Amino acid sequence: MTETTSSLNAPSATARFRSLHTPARPLALANVWDVAGARVVEAAGAPAIATTSAGVAWSLGASDGNRVSRDLVLDVLARIASAVAVPVTADIEGGYGQSPAEVAETVARVLDAGVVGVNIEDGTRSPRTLADRIEASREAAEKAGVDLFVNARTDTYLLGLGDPATRLRDTLARARTYVDAGADGVFVPGVTDPAVVAELAAGLTVPLNVMAGPGAPTVAELGALGVSRVSLGSGVAQAAYAAARRAALDLLGTGGYAALDQAIPYPDLDALFHAPAHTPR
């Protein structure tokens, strides 16, 4: 393990990241996909940085859903982790591997990149498959001597899996399987209904993470329901690319520039890169 990695994954960094998961003040994550985004979000006061696999994939010219090279993703993660002074958690989709051993290799390399947390998802895979990958991830972290935060994502609501009448029960059953396998948190994207969120939080023994966006309860309201972590997922990337599209349509249509009114001033944005890459605190 490199000196940079071991310093970033020091107990203070991982302990700090774990401590941020509390309903009293949920960890709010504006997910990024490159160094510039990470610096902007950090400068806004974020106590941690999270990546979006969709945003990373799009920026690399691939569609979302385990379709981008693991090596390319790892390069992005290393660049982000070395550019900020706050803990970084990475969305590694299904683990970028076909077997638990391959997922363990991914996690080992993610740790070497300086990341302290990962999201790993089940998608349409069986719960046992993700449980095996979580166990492999935990073993890789223990071997590396890193207190990795494993956030297990279940897509029961996001993908509409199973019978709607039993989806809550099935989601909690999956969550228990993942926690037993070593998950430190459970991420349930696709649900923001207060009643369902409250039941999910009450049924879990680890921090609950939900994905929010327009129309969802505020971070504070979700915290009152028992949520410990709120992510924006691919939403920030979608909004950023929407801004690019608006600017292009404005320029190519009316020949105007109004779409640039909300741009970060050039000196402010460029100033984020005047200093050398951060060293972990």
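Everything here concerns the structure above.
Bear in mind that the values here come from a model prediction, so they are computed numbers and not experimental data.

A. Representation of the nonpolar core in the model. Ile-49, Ile-92 and Ile-134 are the most contacted members of the largest nonpolar core, which has 44 residues in total. In this structure, Ile-92 is in contact with Thr-106, Val-107, Val-110, Val-118, Asn-119 and Ile-120, ignoring residues within four places of it in sequence. The next biggest cluster of nonpolar side chains, apart from the first, holds 18 residues, and it includes Leu-168, Val-188, Val-197 and Leu-204.

B. Up close: the side chain of Asn-151. Tracing the backbone through its elements, the reader meets Asn-151 in strand 5 (residues 149-153). Of note is the side chain of Asn-151, whose polar atom sits 3.5 Å from the backbone nitrogen of Val-186.

C. Region of interest: the pairing of strand 4 (residues 117-121). Taking burial as the measure, the 5 residues of strand 4 include 5 buried ones, the bulk of the element. Here strand 4 shows no split at all, with Gly-117, Asn-119 and Glu-121 on one side and Val-118 and Ile-120 on the other all buried. As a crossover connection, the stretch from strand 3 (residues 88-91) through helix 6 (residues 100-112) into strand 4 is right-handed. Handedness of the crossover is the feature at issue here: the chain leaves strand 4, passes through helix 7 (residues 127-144), returns alongside strand 5, and the resulting connection is right-handed.

D. Fine view of the layout of surface pockets. The computed volume of the largest pocket comes to approximately 390 Å³. Taken together, 28 residues line the largest pocket, and the ones lying closest to its centre are Ser-53, Asp-64, Asp-91, Glu-121 and Arg-153. Breaking the lining of the largest pocket down by element, the ones donating at least two residues are helix 4 (53-59), strand 3, strand 4, strand 7 (208-211) and strand 8 (229-231). Looking at the lining of the largest pocket residue by residue, the classes come out as 10 nonpolar, 11 polar and 7 charged.

E. Inspection of the side chain of Arg-133 at higher detail. Among the structural elements, Arg-133 can be located in helix 7. For the buried Arg-133, no salt bridge exists, and the shortest N-O distance to an oppositely charged side chain is 6.9 Å, to Glu-102. Here the side chain of Arg-133 touches Gly-94 through a polar contact of 2.6 Å, landing on its backbone oxygen. Those residues within four positions of Arg-133 in sequence are excluded, and the remaining contacts are Gly-94, Gly-97, Gln-98, Ser-99, Val-103, Ile-120 and Arg-125.

F. Representation of helix 3 (residues 35-43) within the structure. Taken residue by residue, helix 3 has Gly-37, Ala-38, Arg-39, Val-41 and Glu-42 as its buried positions. At the N-terminal boundary of helix 3, the capping side chain belongs to Asp-34, with an oxygen 3.5 Å from the backbone nitrogen of Ala-36. Looking at the residues trailing helix 3, positive phi occurs at Gly-45, about 110°.

G. Layout of the packing of aromatic side chains. In total, this model carries 2 aromatic pairs according to the counting rule given. Consider the rings of Phe-17 and Phe-149, whose centres lie 5.5 Å apart with planes at 90°: the pair is edge-to-face. One end of the pair, Phe-17, is in helix 2 (residues 11-19); the other, Phe-149, is in strand 5, and 132 residues separate them in sequence. With respect to burial, Phe-17 and Phe-149 carry one shared label: buried. Taking the centre distance of 6.0 Å and the plane angle of 40° together, the rings of Trp-33 and Tyr-241 count as tilted. Of this pair, Trp-33 sits in the loop between strand 1 (27-29) and helix 3 while Tyr-241 sits in helix 11 (residues 235-253), and the two are 208 residues apart along the sequence. Of the residues examined, Trp-33 reaches a relative accessible area of 13% and is grouped as buried. Residue Tyr-241 is classed as partly exposed on the basis of its relative accessible area, which comes to 36%. Between the NZ or CZ atom of Arg-167 and the centre of the ring of Tyr-157, over which it lies, the distance is 5.9 Å.

H. Quick peek at the sheet that holds strand 4. Taken in spatial order, the 8 strands make up an open sheet running 1-8-7-6-5-4-3-2, and their pairing is parallel. At either end of the open sheet lies a strand with only one pairing partner, and these are strand 1 and strand 2 (49-50). Summarising the sheet, strand 4 and strand 5 pair through 5 bridges and their orientation is parallel. Pairing of Ile-120 across the sheet is with Ala-152, part of strand 5.

I. Highlighting the pattern of salt bridges. Here the structure, examined in full by the defined rule, presents 12 salt bridges. When the shortest N-O distance is used, the salt bridge between Glu-105 and Arg-70 registers 3.3 Å. In this pair, Glu-105 sits in helix 6 while Arg-70 sits in helix 5 (residues 70-83), placing the two residues 35 residues apart along the sequence. Residue Glu-105 is classed as partly exposed on the basis of its relative accessible area, which comes to 40%. Note that Asp-155 is salt-bridged to Arg-153, the shortest N-O span being 2.6 Å. Using a relative accessible area of 16% as the deciding quantity, one classes Arg-153 as buried.

About the thresholds
Residues numbered from 1 in each chain as written. Predicted model: local features only at pLDDT ≥ 70, side-chain atom pairs only at ≥ 80, totals over all residues. Heavy atoms only, no water. Core = buried A, V, L, I, M, F, W, Y, C linked by side-chain atoms within 4.5 Å. Buried < 20%, exposed > 50% of the residue type's maximum accessible area, 1.4 Å probe, protein only. Contact = heavy atoms within 4.5 Å. Helix = DSSP H or I, 4+ residues; strand = E, 2+ residues; numbered from the N terminus. Polar contact = N/O pair within 3.5 Å; in protein donor to acceptor, adjacent residues only side chain to side chain. Right-handed = clockwise from strand over helix to strand, strands pointing away. 1 Å grid on protein atoms, 1.4 Å probe; cavity = no way out; pocket = protein on both sides within 12 Å on 5 of 7 lines; lining within 4 Å. Points joined across faces, edges and corners; volume = space filled by probe spheres on them. Nonpolar A, V, L, I, M, F, W, Y, C, P; charged D, E, K, R; others polar. Lys, Arg positive; Asp, Glu negative; His and termini not counted. Salt bridge = Lys/Arg side-chain N within 4 Å of Asp/Glu carboxyl O. Phe/Tyr/Trp six-rings, centres within 6.5 Å; stacked < 30°, edge-to-face > 60°. Lys NZ or Arg CZ within 6 Å of the ring centre and 35° of its normal. Pairing = 2+ DSSP bridges.

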